[in-house]
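Notes for the structure review
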Amino acid sequence: MCNSRLETETLDAGGHCVLEMPSGTGKTVSLLSLIIAYQQYYPEHRKLIYCSRTMSEIEKALAELKALMRYREDQLGRTEEFRGLGLTSRKNLCLHPSVKREKSGAVVDARCRSLTAGFVKEKKERGEDVPVCIYHDNLDLLEPHNLIPNGVWTLDGIMRYGEEHKQCPYFTSRRMMSFCNVIIYSYHYLLDPKIAERVSKELSKDCIVVFDEAHNIDNVCIESLSTDITEDSLRKATRGAQNLENRISEMKDTDADKLKNEYAKLVEGLRGADEAREEDAFMSNPALPDDLLKEAVPGNIRRAEHFVAFLKRFVEYLKTRMKVRQVISETPPSFLAHLKEHTYIEKKPLRFCAERLTSLVRTLELTSIEDYQPLQEVATFATLVATYEKGFLLILEPYESDAAEVPNPVLHFTCLDAAIAIKPVFDRFSSVIITSGTISPLEMYPKMLGFTTVVQESYSMSLGRRSFLPIIVTRGSDQVPVSSGFQVRNEPSVVRNYGNLLTEFSKLTPDGMVVFFPSYLYMESIISMWQGMGILDEVWKYKLILVETPDAQETSLALETYRTACCNGRGAVLLCVARGKVSEGIDFDHQYGRTVLCIGVPFQYTESRILKARLEFLRETYRIRENDFLSFDAMRHAAQCLGRVLRGKDDYGIMVLADKRFLKKRTQLPKWINQAILDSEINLSTDMAVGSAKKFLRNMAQPFKQSDQEGVSTWSLKDLEKFKESQDEENIRALREAQMQGSEVQNGNGERGDEYDVEAEAEMMQLDH
Amino acid sequence: MSPKSIALVDNPMDDMCPICKSTRYLNKGIKFLINPECYHRMCSTCVDRIFTAGPASCPVPLCGKTLRKRGFKPAFFADLGIEREVDIRKRVGQVFNRRQEEFETLLDYNDYLQDTEDLIFDLVNGMAKEKLQAEEKLKAYRAMNLQEIEDNKRAGLEEADYERRKETAEKEAARQRRLKLIREQEEGKMDVEKSRRDMLERLANTDEDPTAITRQAQKVILKKSSARRNLTDSSSDPNGGLPLDSSLSIRGLKKKVAPIAEEAYDPFGGINLTPTRYVLNDEYENEWLNGIKTDTRILAGGYSLPEYYARTMFEAFSGLGVFINDEVGPKAKPEVRIKKEVEIDDDVF
Ligand code: SF4
Ligand SMILES: [Zn+2]
Ligand SMILES: [Zn+2]
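A quick note: this is a predicted structure, and the numbers were derived from the prediction, not measured.

1. Examining the overall build of chain A
Across its full length, chain A carries 36 helices and 19 strands. Residue burial in chain A is summarised as follows: out of 769 residues, 56% are buried. In chain A, of all internal contacts separated by at least 6 residues, the share reaching a separation of at least 24 is 81%.

Here it is in structure tokens:
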């Protein structure tokens, strides 16, 4: 409740903010209601762009928005002019009877494009017989700004509406984006420059942008600009270039005018050639500086055949580079210098590569775009490598692992700077709100993403009772410290202590229990050791044991079984990985998760060259020390895992952090978790932990009525007014005091917040692998 | 030889020498060479065998070009068609090496680029006739623009050199920063260690309240570490690091202007001291000077008559033609104005 003041500040002042709010406590709805109220109160009705991560989160947010609007309607007694839409990929929204049956998203996209592209329509108008999508063409018969009535449309809802009126839900959403008040879609539509350019460019500057579940936003940014090139993709790219060449010579014979037209436009500049840069654009392009788009295409790739030869040369060059049998990491400038020396390819035409290819593909009216995907990737890579001197690195790894004999070279073009992808968003929109349940330490994000905040706030939780029990277990019952540190992780005593911990908690936990390991590798080794020690047999008596695997299908099967077992009383343990799928998107509310056990600190695999490069970059550019970053990253994943079990105010659960290193990292946990850890519960052995867990569960078993929460975690209007009064008084008093003892306050500040720095050094000695 | 047929040789597993049929399987260290005359591939053993004795004709059937051993080199590209294209580009690039700065408009430059590309295409893919024409054109252009080609070549080399230097400088700077960081961390660790030791000693040797000592020591350590942290933070430059060696960044320069030769130092700052109102003669007829002219006793000491003439003449004429009012007038006025300004300023406050 009290956060509203801070946020309005953000909205009024026009600035960015980072908020941490406990998960599962109506974060989404409170944000939505606040912004909607703000939006409807002011006459300019600033648009809200709400970005979430997964499809299910988008669906959830839409449902909440719908409920919210119904509530507003009840309260206000009238319906507001309001339209809220969600957008996801074609694969989820397609209605075309045969296209929608395709399995892969890329194929759906490609097939849809071949049915809806601009030239298909032209052909049809000329009377040729070409396949089209009736759902798409029906849209053209409607008023362009009123494709769908007002209201909030969930994804399901819009699908149903589309089916009824025979109109494509995907394109309905996309075209209506500029005419609605709230858009809810995935991060990628804003962050991935390849998509953002097309989907989001029409959004006006005063939009309010919210990134929900944004604790991983830096990784999303980085992934959206990184590419991996393999020998196989290069082979395919060559084939694609060969096909292009054939098509060009074909077209020269049949339809030379088209090529000439394209040529004439390119002489003017890319933008000129691009009047049709709209939704049917075939391929996507990475972020280009605007001046580049206005500039004319360099003369040596203006003609189609020249350009194809150019591409071929570039691909051959990459092939040659891939033959090297040692690890190479180099910066874009040195790559470009080498490239120029051997192929006479200059930087400038390289920058235009992706745009030029798009234009060519459009001119050639190609429909089977999948074939050109690898070529497109190479072109994107070319453009990026020539555009950015800093913040990127090329790493060539000839072997998959150090032990591998057969070379399988991969050229990683990695983005090191998360700020590059997100910069356009911050530049363009005046208010950006980044929020998540676990986004500590807050100051790391502005640093990494390169922006300044007006508000940075971490909210603690107000609960009617102590509904979750976070404890840190540092040693087993035999007082041997437990840790997943590299030196000790495979010692039998440590493994056995972890095993005992698991057994004890599976005995006392009702229904479901989730266990997180730092990596698949460690999970496998520890499970096999437990098998030998007979620990799994013991656990089996109390719970079903299920394991997450890298395979999505298997994992979803395991999850399903897990849920059944939790519901029918058998109870189950799910063993999974802190960076896996389970830890990110899946909620274990109520009986699905009463205990979460985090075995070891989930550090990243530090031997990865890409990670090393990124660490170095962070140190050099943003002055973030390696240890700080690694520890921050590990803790945000740990917090993410812990947050899985508590998904609402009437939920309860135990959170066990089992590693002696957690003791010192406690401060890096989100405020709402850290505050709930009692000082007596930070350095427990297994038996003590069991004791306090049992006590906690006994408390939780007491009946808990809705009315108990009143006034503490849910407020009535009267409570709110009272709070406001007291808050005002408080403010006045605080101000007065501050004036009187201004100097003293200043002195006090220096000593805060450096508690964990001292230890960081020591900690890193025992890093995981 | 048609370039198309070469382009199809794109099989990395094709590890067999077409001449002697030995493969990588039999000969692990097999190396393939090509000769830019005809781009036929053969193994290094074959090259040694056939061409060591002197120029011979290519052993590939229907080729028969005369090749020398000197001309053989390993191919950079797997696709020999590309290899050939790049060799041609290299040749053309040495001649057509104009830079964008030399053109009035971007459009001109782009047209130029396209023309060059067309020429290369003719050389690579053209029929015999087109090829010949292109060669002619190349030759003619070279003959016409000899000087400029040289200039641009030099400019290109300089640029590449500059880039290289810039990168090494950057790398070095990064290394230095890293070293410094490590040193600082080491120092910090030692500091903490030392404080700990001190504390232990005090605990052992004095009979103060032990908890007080520990708490105090903890505080000292924390303070030190945060102070150190602030120090490193403030020493970092605000623009996000990577300070470039400023002597290297001359990117914006359009045309290199040769530095103007430095002139000799002029103590009078350019005032012309040659007399304007009289002409200084070498000789003046004067009775009482005549003796001196020949008197070695005087001249031996360094007495110089011309100097005496110059001084006397200067003294006689100095001050003529100088009007004090003219000199003082313009100076006096600004003084007044300045004073006024001061007054105005006073008024404001
Ligand atoms: S236009 Fe819509 S319905 Fe038709 S194929 Fe594309 S996504 Fe499917
Ligand atoms: Zn041979
Ligand atoms: Zn030959």
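2. Focus on the overall build of chain B
For chain B, the count of helices and strands is 11 helices and 4 strands. In chain B, buried positions account for 24% of the 349 residues. A fraction of 54% describes how many contacts in chain B between residues 6 or more apart in sequence connect residues 24 or more apart. Taken as a whole, chain B presents about 25,900 Å² of accessible surface, with 57% of it coming from carbon and sulfur.

3. Let's talk about the pattern of salt bridges
In a structure, side chains of opposite charge can pair up when their charged atoms sit close to one another. This model, assessed by the stated rule, comprises 57 salt bridges over all chains. Across the pair Lys 347 of chain A and Glu 389 of chain A runs a salt bridge, and its minimum N-O distance is 3.5 Å. Residue Lys 347 of chain A is located in helix α18 (residues 347-351), and its partner Glu 389 of chain A is located in the loop between α20 (373-387) and β9 (392-397); the two are separated by 42 residues in the primary sequence. Linking Glu 159 of chain B and Arg 99 of chain B is a salt bridge whose minimum nitrogen-to-oxygen distance equals 3.7 Å. Highlighted residues: Glu 159 of chain B in helix α6 (residues 146-205) and Arg 99 of chain B in the loop between α3 (80-95) and α4 (106-125), separated in sequence by 60 residues. Owing to a relative accessible area of 42%, Glu 159 of chain B belongs among the partly exposed residues under this scheme.

4. Quick notes on the coordination of the zinc ion (ligand 3)
Residue and element names in this part refer to chain B. In the first shell of the zinc ion (ligand 3), the protein supplies Cys 38 (SG), His 40 (ND1), Cys 58 (SG) and Cys 63 (SG), at 1.9 to 2.4 Å from the metal. One can describe the site at the zinc ion (ligand 3) as tetrahedral: its 4 donor atoms subtend angles covering 99 to 116° at the metal. Each donor residue of the zinc ion (ligand 3) belongs to the same chain, with the gaps between them written as C-x1-H-x17-C-x4-C. Taken together, the residues His 40 in the loop between β1 (32-33) and β2 (42-43) and Cys 63 in the loop between β3 (56-57) and β4 (66-67) connect sequence positions 23 residues apart. Classification of Cys 63 as partly exposed rests on a relative accessible area of 22%.

5. Quick notes on the site of ligand 1
All names here are of chain A. Taken together, Cys 94, Leu 95, His 96, Cys 112, Thr 116, Cys 133, Tyr 135, His 136, Cys 168 and Phe 171 make up the full set of residues adjacent to ligand 1. One can see that ligand 1 is located within the largest cavity. Counting residues per element, the ones that place at least two in the shell around ligand 1 are α5 (105-116) and α7 (134-139). Counted by class, the shell around ligand 1 contains 7 nonpolar, 3 polar and no charged residues.

6. Concerning the UniProt feature "coiled-coil region" (unreviewed entry) in chain B
Following the UniProt record, the feature "coiled-coil region" (unreviewed entry) maps to residues 124-184 of chain B here. Structurally, residues 124-184 of chain B is divided into 95% helix and 0% strand, and its ends, taken at the C-alpha atoms, are 59 Å apart.

7. Regarding the coordination of the zinc ion (ligand 2)
All names here are of chain B. Coordination sphere of the zinc ion (ligand 2), protein contribution only: Cys 17 (SG), Cys 20 (SG), Cys 43 (SG) and Cys 46 (SG), at 2.1 to 2.3 Å. Bound by 4 donor atoms, the zinc ion (ligand 2) shows angles of 106 to 117° at the metal and therefore tetrahedral coordination geometry. Along the chain, the residues that donate to the zinc ion (ligand 2) are spaced as C-x2-C-x22-C-x2-C. Pair noted here: Cys 17 is in the loop between α1 (3-7) and β1 and Cys 46 is in helix α2 (residues 44-51), with a separation of 29 residues, a long-range link. Taken as a pair, Cys 17 and Cys 46 share a single burial class, namely buried.

8. Observations regarding the UniProt feature "domain: RING-type" (unreviewed entry) in chain B
The sites that UniProt annotates as "domain: RING-type" (unreviewed entry) are residues 17-60 of chain B. Helix makes up 18% of residues 17-60 of chain B and strand 14%, with an end-to-end C-alpha separation of 11 Å.

9. Some remarks on the sheet that holds strand β19 (residues 684-685) of chain A
All names here are of chain A. The 7 strands are arranged β15-β16-β14-β17-β18-β13-β19 in an open sheet whose pairing can be described as parallel. A single partner strand is all that each edge strand has here, and the edge strands are β15 (544-547) and β19. Bridging between strand β13 (residues 468-475) and β19 involves 2 bridges; their strand directions are parallel. Paired with Arg 475 across the two strands is Ser 685, which belongs to β19. Those strands touched by helix α23 (residues 492-508) are β13, β14 (512-517), β16 (572-577), β17 (595-599) and β18 (653-658), and its axis lies near 175° from that of β18.

10. Concerning a nonpolar patch on the surface
Side chains of Phe 268, Ile 271 and Leu 273 of chain B sit close together on the surface and give an oily, nonpolar patch of about 340 Å² of accessible area. Examined against the element boundaries, Leu 273 of chain B turns out to sit in the loop between α7 (210-235) and α8 (287-294).

11. Things to note about helix α21 (residues 418-428) of chain A
In an α-helix, one full turn covers 3.6 residues, which means residues spaced three or four apart are oriented alike. The complete set of buried residues in α21 of chain A reads Ala 418, Ala 419, Ile 420, Ala 421, Ile 422, Val 425 and Phe 426 of chain A. You can read the cap of α21 of chain A off the contacts: a side-chain oxygen lies 3.0 Å from the backbone nitrogen of Ala 419 of chain A, and it is on Asp 417 of chain A.

12. Some points on empty space enclosed by the protein
Residue and element names in this part refer to chain A. Taken as a whole and judged by the stated rule, the model has 5 cavities of 30 Å³ or more. A volume near 100 Å³ is recorded for the largest cavity. Lining the largest cavity are 13 residues, with Cys 94, His 96, Cys 112, Cys 133 and Cys 168 positioned closest to its centre. When contributions to the lining of the largest cavity are tallied by element, the ones reaching two or more residues are α5, α7 and α9 (169-176). Its residues placed into classes, the lining of the largest cavity shows 10 nonpolar, 2 polar and 1 charged. Along the walls of the second largest cavity sit Arg 321, Ile 328, Glu 330, Phe 335, Leu 394, Ile 395, Leu 396 and Leu 411, which together make up its complete lining. For the lining of the second largest cavity, the secondary structure elements donating two or more residues are β8 (328-330) and β9. The dominant element in the lining of the second largest cavity, judged by the number of residues it contributes, is β9, at 3 residues.

13. Digging into helix α24 (residues 520-533) of chain A
Residue and element names in this part refer to chain A. Taking 1.5 Å of rise per residue, the 14 residues of α24 would be expected to cover 20 Å, and the 20 Å separating its terminal C-alpha atoms lies within 8% of that figure. Listing the buried residues of α24 in full gives Tyr 522, Met 523, Ile 526, Ile 527 and Trp 530. Considered in projection along α24, the buried side chains sweep an arc of 125° and stay on one side of the axis. Exposed residues pointing more than 90 degrees away from the buried face of α24 are listed as Leu 521, Glu 524 and Gly 532. At its buried positions, α24 is contacted by α23, β14, α25 (535-542), β15, β16 and β17. Count one or two residues on from α24 and you reach Gly 534, which has phi positive near 75°.

14. Here's the deal with the pairing of β15 of chain A
The side chains of a regular strand alternate between both faces of the sheet. Residue and element names in this part refer to chain A. Bridge analysis of β15 against β16 gives 4 bridges, and the strand direction is parallel. Directly across from Ile 545, in β16, lies its bridge partner Val 573. The parallel pair β15 and β16 is bridged by helix α26 (residues 552-568), and the resulting crossover is right-handed.

Criteria and cut-off values
- Residues numbered from 1 in each chain as written.
- Chains lettered and ligands numbered in written order.
- Predicted model: local features only at pLDDT ≥ 70, side-chain atom pairs only at ≥ 80, totals over all residues.
- Heavy atoms only, no water.
- Helix = DSSP H or I, 4+ residues; strand = E, 2+ residues; numbered from the N terminus.
- Buried < 20%, exposed > 50% of the residue type's maximum accessible area, 1.4 Å probe, protein only.
- Contact = heavy atoms within 4.5 Å.
- Areas by Shrake-Rupley, 256 points an atom, 1.4 Å probe, with all protein chains shown as cover.
- Salt bridge = Lys/Arg side-chain N within 4 Å of Asp/Glu carboxyl O.
- Donors = N, O, S within 2.8 Å, 3.2 Å for Na, K, Ca; no water.
- Tetrahedral: all angles 85-135°; square planar, octahedral: opposite > 155°, others 65-115°.
- Near = heavy atom within 4 Å.
- 1 Å grid on protein atoms, 1.4 Å probe; cavity = no way out; pocket = protein on both sides within 12 Å on 5 of 7 lines; lining within 4 Å.
- Sits in = over half its atoms within 2 Å of the grid points.
- Nonpolar A, V, L, I, M, F, W, Y, C, P; charged D, E, K, R; others polar.
- UniProt positions renumbered as here; feature names shortened; annotations may be inferred.
- Pairing = 2+ DSSP bridges.
- Axes fitted to C-alpha atoms, helices over the stretch in contact; angles between N-to-C directions.
- Patch = residues over 30% accessible without salt bridge, like charges linked within 9 Å, V, L, I, M, F, W, Y side chains within 5 Å.
- Polar contact = N/O pair within 3.5 Å; in protein donor to acceptor, adjacent residues only side chain to side chain.
- Points joined across faces, edges and corners; volume = space filled by probe spheres on them.
- Expected span 1.5 Å × (residues − 1).
- Arc of directions from axis to C-beta.
- Right-handed = clockwise from strand over helix to strand, strands pointing away.

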